[in-house]
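# Report on the structure
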Amino acid sequence: MLQSQTIMLFNNRLKFLKVRFGKQFEHLKSQFKSHYQDFRLYDLGSITINGLTPKKGYSIQHNIAYGLKARQRLDLYISNKKQQNALILFVHGGAWSHGDKSAYKFVGEAFSRFGYNVAVLNYHLAPEHKFPSYIDDLAVALNYLEQQQARFGISMDKIALMGHSAGAFNIASLLYHPKHYQLAIKQNIKALIGIAGPYHFDYKGDALAENAFDQSIPYQQVMPYYFVEKNEVKHYLCFAENDQIVKAKNSFDFKQQLLEQGNHCEIYTIPKTGHISIMGSVSSLFSRFYKTRPEIIKVLNEAMKNA
């Protein structure tokens with residue numbers, strides 16, 4: 001079902017892309033077909049979007065080692081805009097077992113064009129690694145960027161955490177977790193943007209998630225829903241209207257818990273999107289057809305302005 005939805009999105013843009021990009025698109029189409037047999041849905045960005053992502057308006061520093069382990073790497077997109085830029089730390093999805101920062105160049109471009117610096121993070125993956133190793137990596141990355149901000153020419157005074165699917169769970173767990181992470185700049189986290197995130201579900205027997213968590217530990221001892229504490233972070237939860245993977249109940253449950261603790265939270269339903277296409281819809285290639293990026297930019301600007 002999900003593969004059919006992805007292919008339908010691709011075909012719906014066929015005519016538009018063919019007219020606009022000509023031979024470049026024909027090469028892209030051929031590449032898509034050659035990859036299909038071993039196609040993974042979270043490769044959508046690198047196959048169909050990254051090749052056509054604009055290359056102006058930002059610079060990239062690839063494969064920055066934020067820790068000593070092989071997967072502890074990030075790509076940093078520096079906006080060419082001269083104002084004091086806030087930082088977005090983006091965490092990819094992939095059911096905690098798949099995904100790579102290289103597939104998300106379009107995310108770096110999509111937000112750096114609006115004056116944000118963007119760090120796109122790799123983290124350890126299941127089944128070799130289980131929760132909370134993913135969250136440990138996120139904490140290490142934030143502390144590293146804080147220590148090295150002068151070297152990279154970035155500011156960590158205002159930070160937005162952004163994640164898709166499993167990545168949205170990860171960023172929520174960084175803030176709401178039975179283990180309190182020692183973050184020197186926790187107070188600088190001004191916004192959390194969760195996209196199609198699972199925040200409150202039972203992973204036991206879940207084919208997509210069971211290898212990512214210790215099955216002997218009840219989900220009530222893991223889910224960020226159960227560990228919400230009062231803070232000043234602005235929470236914005238986006239879910240796809242046609243999501244067949246993560247139920248909207250995750251977002252509404254999480255919002256209720258946040259509000260009960262006196263925190264801020266707003267929910268945005270993104271029409272005409274599924275679990276995968278909601279992420280692709282932030283790209284400059286597709287953003288004109290969806291409200292995903294405009295909504296995120298609006299709330300980010302508000303959160304950073306008022307911080």
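All values derive from a computational prediction rather than experimental measurement.

## Comments concerning the overall build of the protein chain
From N to C terminus, the protein chain includes 11 helices and 8 strands. For the protein chain, with 307 residues in total, the buried portion stands at 57%. Contacts in the protein chain between residues at least 24 apart in sequence constitute 74% of all its contacts with a sequence separation of at least 6. For the protein chain, the exposed surface amounts to about 13600 Å²; the carbon and sulfur share of it is 50%.

## Notes on the sheet that holds strand β1 (residues 58-65)
Spatially, 8 strands are ordered β1-β2-β4-β3-β5-β6-β7-β8 in an open sheet, and the strand pairing comes out mixed. The strands lining the two open edges of the sheet, one partner per strand, are β1 and β8 (266-270). The sheet shows a mean angle of 15° between the axes of neighbouring strands, direction not considered. When strand β5 (residues 159-164) meets strand β6 (residues 189-195), the two strands line up parallel, connected through 6 bridges.

## Considering helix α8 (residues 166-175)
Counted residue by residue, α8 has 10 buried out of 10 residues, so it is predominantly covered. Of the positions making up α8, those classed as buried are Ala166, Gly167, Ala168, Phe169, Asn170, Ile171, Ala172, Ser173, Leu174 and Leu175. Elements that come into contact with the buried residues of α8 comprise β3 (87-91), α6 (133-147), β5, β6 and α9 (249-260).

## Brief notes about the pattern of salt bridges
Inspection of the entire model under this criterion finds 8 salt bridges. Where Asp253 meets Lys249, a salt bridge forms, and the shortest distance between an N and an O atom there is 2.7 Å. Of this pair, Asp253 and Lys249 both sit in helix α9, 4 residues apart, roughly one helical turn. Residue classification places Asp253 among the buried positions, given a relative accessible area of 12%. The exposure class of Lys249 is exposed, given its relative accessible area of 53%. With a closest N to O distance of 3.2 Å, Glu295 and Lys298 form a salt bridge. You can see Glu295 and its partner Lys298 sitting in helix α11 (residues 292-306), 3 residues apart, about one turn around the helix.

## Observations concerning the environment of Ala70
Summarising the element assignment, Ala70 is placed in the loop between β1 and β2 (73-79). When the C-alpha atoms of Ala70 and His124 are compared, they prove to be 8.7 Å apart, with 54 residues separating the residues in sequence.

## Remarks on unusual backbone geometry
Comment: phi is negative for the bulk of residues other than glycine, and the bulk of peptide bonds are trans. Following Ala126, the chain continues to Pro127 via a peptide bond in cis, the omega torsion being 0°. Summarising the element assignment, Pro127 is placed in the loop between β4 (117-121) and α6. Phi angles above zero are rare outside glycine, and Trp96 is one such case at about 65°. Along the polypeptide, Trp96 turns up in the loop between β3 and α5 (105-112). Phi at Ser165 takes a positive value of approximately 55°, unusual for a residue other than glycine. Summarising the element assignment, Ser165 is placed in the loop between β5 and α8.

## Side note on the packing of aromatic side chains
Applying the stated criterion across every chain yields a total of 19 aromatic pairs. Where Tyr225 meets Tyr226, the ring centres are 4.8 Å apart and the plane angle is 85°; that geometry is what we call edge-to-face. Ring pairing ties together the aromatic residues Trp96, Phe131, Phe169, Phe201, Tyr203 and Phe213, which thus form one cluster. Here the guanidinium or amino end of Lys272 rests over the ring plane of Tyr290, the centre of that ring lying 5.8 Å away.

## Some thoughts on the pairing of β3
The element β3 is largely enclosed, with a buried count of 5 among its 5 residues. Across the two faces of β3 the burial is the same, with Leu87, Leu89 and Val91 and Ile88 and Phe90 all buried. The pairing of β3 with β4 spans 5 bridges and is parallel. Within β4, the position partnered with Val91 by the bridge is Leu121.

## Let's talk about α11
Taking 1.5 Å per residue as the helical rise, α11 with its 15 residues ought to reach 21 Å, and the 22 Å between its terminal C-alpha atoms agrees with that figure. Those residues of α11 that fall on the buried side of the exposure criterion are Thr292, Arg293, Glu295, Ile296, Ile297, Val299, Leu300, Ala303 and Met304.

## Looking at the confidence of the model for the protein chain
In this model, the protein chain carries an average pLDDT of 88, and 84% of its residues clear a pLDDT of 70 or more. Low pLDDT, under 50, characterises residues 28-42; the predicted model gives this stretch 31 contacts beyond four residues in sequence or across chains.

## What about the environment of Glu302?
Structurally, Glu302 can be placed in helix α11. Note: C-alpha distance between Glu302 and Ala191 (111 residues apart in sequence) is 9.8 Å.

Analysis parameters
Residues numbered from 1 in each chain as written. Predicted model: local features only at pLDDT ≥ 70, side-chain atom pairs only at ≥ 80, totals over all residues. Heavy atoms only, no water. Helix = DSSP H or I, 4+ residues; strand = E, 2+ residues; numbered from the N terminus. Buried < 20%, exposed > 50% of the residue type's maximum accessible area, 1.4 Å probe, protein only. Contact = heavy atoms within 4.5 Å. Areas by Shrake-Rupley, 256 points an atom, 1.4 Å probe, with all protein chains shown as cover. Pairing = 2+ DSSP bridges. Axes fitted to C-alpha atoms, helices over the stretch in contact; angles between N-to-C directions. Salt bridge = Lys/Arg side-chain N within 4 Å of Asp/Glu carboxyl O. Phe/Tyr/Trp six-rings, centres within 6.5 Å; stacked < 30°, edge-to-face > 60°. Lys NZ or Arg CZ within 6 Å of the ring centre and 35° of its normal. Expected span 1.5 Å × (residues − 1). pLDDT = per-residue confidence, 0-100.

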